[in-house]
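Each chain is listed here by its residues.
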Amino acid sequence: MMKLRSIELALPKAAEAHRWMIDIWGCADGGRMGDTFYLRGSGTFPYLMAISESADNFVRSTTFVCSPERLAQVAQAATARGLNAAPCVSSDPGGGHGIVVELAEGELLRFLVDATEVAPIEGHSKASRRVMPVKLTHVVFNSADAEASGDIVEEVLGFRVSDRTKGMVFVRCNEAHHSTAFARAGFSSLNHVAFEMEDLDAVMRGIGNMRDHGFAPAWGPGRHGPGDNVYAYYIAPFGPVIEYSTPVEKVAPDYRTGEPDDWTWPEKRIDQWGVSDKDFAGLRVAEEAFRFRREWQPAPINEVIGA
Ligand SMILES: [Fe+2]
């Protein structure tokens with residue numbers, strides 16, 4: 001078992017960002033511990049995004065929850081590959097313990113076991129007009145070498161590449177077409193964080209709610225090729241690119257890995273619908289704003305795998 005759970009960010013004015021994500025974006029309050037503010041969705045994860053107060057922007061980690069068997073496999077492969085890693089005990093809501101691993105371009109992935117879940121939030125129906133994400137569907141990174149990043153997550157994490165396009169290497173860790181992807185950007189950073197909405201209607205109501213508050217999408221609405229999800233991307237006032245998305249399609253274990261030639265568009269098109277423009281320059285600036293920063297010292301993770 002392997003599931004994407006949360007992302008942990010650090011940035012200035014964390015309390016303001018937290019408030020905006022609740023009042024405007026639609027997340028529920030996941031509480032506060034010290035200088036870290038938490039945001040949850042309507043699903044069973046105790047939080048989806050952590051925002052820690054910091055003098056500057058950076059990504060602390062992206063967290064997956066998994067079975068002890070999968071944790072042992074990742075720990076063993078990370079050790080064999082010689083990646084920076086360390087055992088960790090989570091002090092975030094939900095607790096849990098496991099390892100944190102640094103990939104080749106500095107991406108910091110945390111794998112937890114024994115993390116608890118919470119009761120889902122019900123009643124934010126169409127009638128209530130409340131827009132609330134359910135969970136994260138994917139976290140995408142920019143890469144200097146996206147192919148190498150795809151290779152390393154297959155080898156070390158046991159993830160599978162679902163599709164390669166001209167721009168991206170899409171990777172899955174379970175039946176969802178992608179839980180992460182590596183953009184062929186030429187530099188390493190956070191590309192975007194995608195919040196899963198219940199359905200297409202919830203994405204559209206989210207766009208309407210954002211419009212009520214004076215925010216227009218930087219890209220969308222549209223429907224992607226790989227993953228087949230409906231999307232709307234925004235540049236959050238506190239920096240990162242965030243997305244409303246429908247669930248990405250589920251694929252079978254024998255899904256044929258697509259290549260760039262399988263995912264071409266007619267001229268001037270970059271999605272299935274072609275109804276909206278993309279603010280390439282604005283998105284690029286926002287994507288460069290969040291790099292990875294390792295706040296821990298590498299340490300042996302042998303005890304995690306019982307070696
Ligand atoms: Fe996305």
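Please read these numbers as outputs of a predicted model, since none were measured by experiment. (Residues numbered from 1 in each chain as written. Predicted model: local features only at pLDDT ≥ 70, side-chain atom pairs only at ≥ 80, totals over all residues. Heavy atoms only, no water.)

Colleague: Report on the coordination of the iron ion, specifying residues and quantitative values.
Modeller: Protein coordination of the iron ion is provided by His138 (NE2), His192 (NE2), Tyr233 (OH) and Glu243 (OE), with donor distances spanning 2.1 to 2.7 Å. For the iron ion, the four donor atoms are set out with angles of 89 to 163° between them, so the coordination reads as irregular. Spacing between the donor residues of the iron ion along the chain follows H-x53-H-x40-Y-x9-E. Here histidine 192, found in strand E13 (residues 189–196), pairs with tyrosine 233, found in strand E15 (residues 230–235); they are 41 residues apart in sequence, far enough to count as distant. The same class applies to histidine 192 and to tyrosine 233, which are both buried. (Donors = N, O, S within 2.8 Å, 3.2 Å for Na, K, Ca; no water. Tetrahedral: all angles 85-135°; square planar, octahedral: opposite > 155°, others 65-115°. Helix = DSSP H or I, 4+ residues; strand = E, 2+ residues; numbered from the N terminus. Buried < 20%, exposed > 50% of the residue type's maximum accessible area, 1.4 Å probe, protein only.)

Colleague: Describe in detail the environment of isoleucine 301, supporting the description with residues and values.
Modeller: Here isoleucine 301 is to be found in the loop between helix H5 (280–288) and helix H6 (302–305). Once the C-alpha coordinates of isoleucine 301 and alanine 85 are considered, the two residues, 216 residues apart in sequence, prove to be 6.9 Å apart. Beyond its immediate stretch of four places on either side in the chain, isoleucine 301 contacts Ala75, Ala78, Thr79, Ala85, Ala86, Pro87 and Ile99. (Contact = heavy atoms within 4.5 Å.)

Colleague: Give a description of helix H2 (residues 68–81) that names residues and reports values.
Modeller: Side chains that are three or four residues apart share a direction in an α-helix, a result of its 3.6 residues per turn. Under the 1.5 Å per step criterion, the end-to-end length of H2 is 20 Å for 14 residues, consistent within 8% with the ideal 20 Å. Every buried residue belonging to H2 is among Arg70, Leu71, Val74, Ala75, Ala77 and Ala78, and all of these are buried. Downstream of H2 by one or two residues, glycine 82 has phi in the positive range, about 75°. (Expected span 1.5 Å × (residues − 1).)

Colleague: Tell me about the sheet that holds strand E6 (residues 85–89), and please be specific about residues and values.
Modeller: Sheet architecture is open: eight strands sit in the order E2-E3-E4-E1-E5-E8-E7-E6, paired in mixed fashion. Among the strands making up the open sheet, the edge pair consists of strand E2 (28–33) and E6. Here the strands of the sheet are splayed against their neighbours by 25° on average, with no regard to which way each runs. For E6 and strand E7 (residues 97–102), the ladder comprises five bridges, and the chain directions are antiparallel. Within E7, the position partnered with alanine 85 by the bridge is valine 101. Its contacts with the sheet put H2 on strand E1 (2–11), strand E5 (58–66), E7 and strand E8 (108–113), and the angle it makes with E7 is roughly 35°. (Pairing = 2+ DSSP bridges. Axes fitted to C-alpha atoms, helices over the stretch in contact; angles between N-to-C directions.)

Colleague: So what's going on with the UniProt feature "domain: VOC" (unreviewed entry) in the chain? Residues and values would help.
Modeller: As annotated by UniProt and renumbered to match this structure, "domain: VOC" (unreviewed entry) occupies residues 135–247. Counting secondary structure, residues 135–247 comes out at 22% helix and 42% strand; the distance between its end C-alpha atoms is 10 Å. (UniProt positions renumbered as here; feature names shortened; annotations may be inferred.)

Colleague: A description of the environment of phenylalanine 182 should follow, citing residues and the corresponding values.
Modeller: Structurally, phenylalanine 182 can be placed in strand E12 (residues 180–184). Beyond its immediate sequence surroundings of up to four residues, phenylalanine 182 is in contact with Leu103, Glu107, Phe141, Ser143, Ala146, Ser149, Gly150, Val153, Gly167, Met168, Val169 and Val171.

Colleague: How would you sum up the pattern of salt bridges? Please name residues and give values.
Modeller: Overall, the coordinates contain 16 salt bridges when judged by the stated rule. Lysine 3 is the salt-bridge partner of glutamate 117, the closest N and O atoms lying 3.6 Å from each other. Placement of the pair is glutamate 117 in the loop between E8 and strand E9 (135–143) and lysine 3 in strand E1, with a sequence separation of 114 residues. Since its relative accessible area comes to 39%, glutamate 117 is described here as partly exposed. The salt bridge involving arginine 293 is made with aspartate 56; its shortest N-O contact spans 2.7 Å. (Salt bridge = Lys/Arg side-chain N within 4 Å of Asp/Glu carboxyl O.)

Colleague: Describe the sheet that holds strand E10 (residues 160–164), listing the residues and the values that go with them.
Modeller: Within a beta sheet, neighbouring strands are joined by backbone hydrogen bonds and run either parallel or antiparallel to one another. The mixed open sheet is built from eight strands, whose spatial order is E10-E11-E12-E9-E13-E16-E15-E14. Sheet topology places E10 and strand E14 (219–223) at the edges, where each strand pairs with a single neighbour. Along the sheet, successive strands turn relative to each other by an average axial angle of 20°, direction set aside. As paired strands, E10 and strand E11 (residues 168–172) are joined by four bridges and run antiparallel to one another.

Colleague: Lay out unusual backbone geometry in plain terms, naming residues and giving numbers.
Modeller: Each neighbour pair has its own omega, and for glycine 220 with proline 221 the value is 5°, a cis peptide bond. You can see proline 221 is positioned in strand E14. Residues other than glycine seldom take positive phi values, yet lysine 268 does so here, at roughly 70°. For lysine 268, a relative accessible area of 81% translates into the label exposed.

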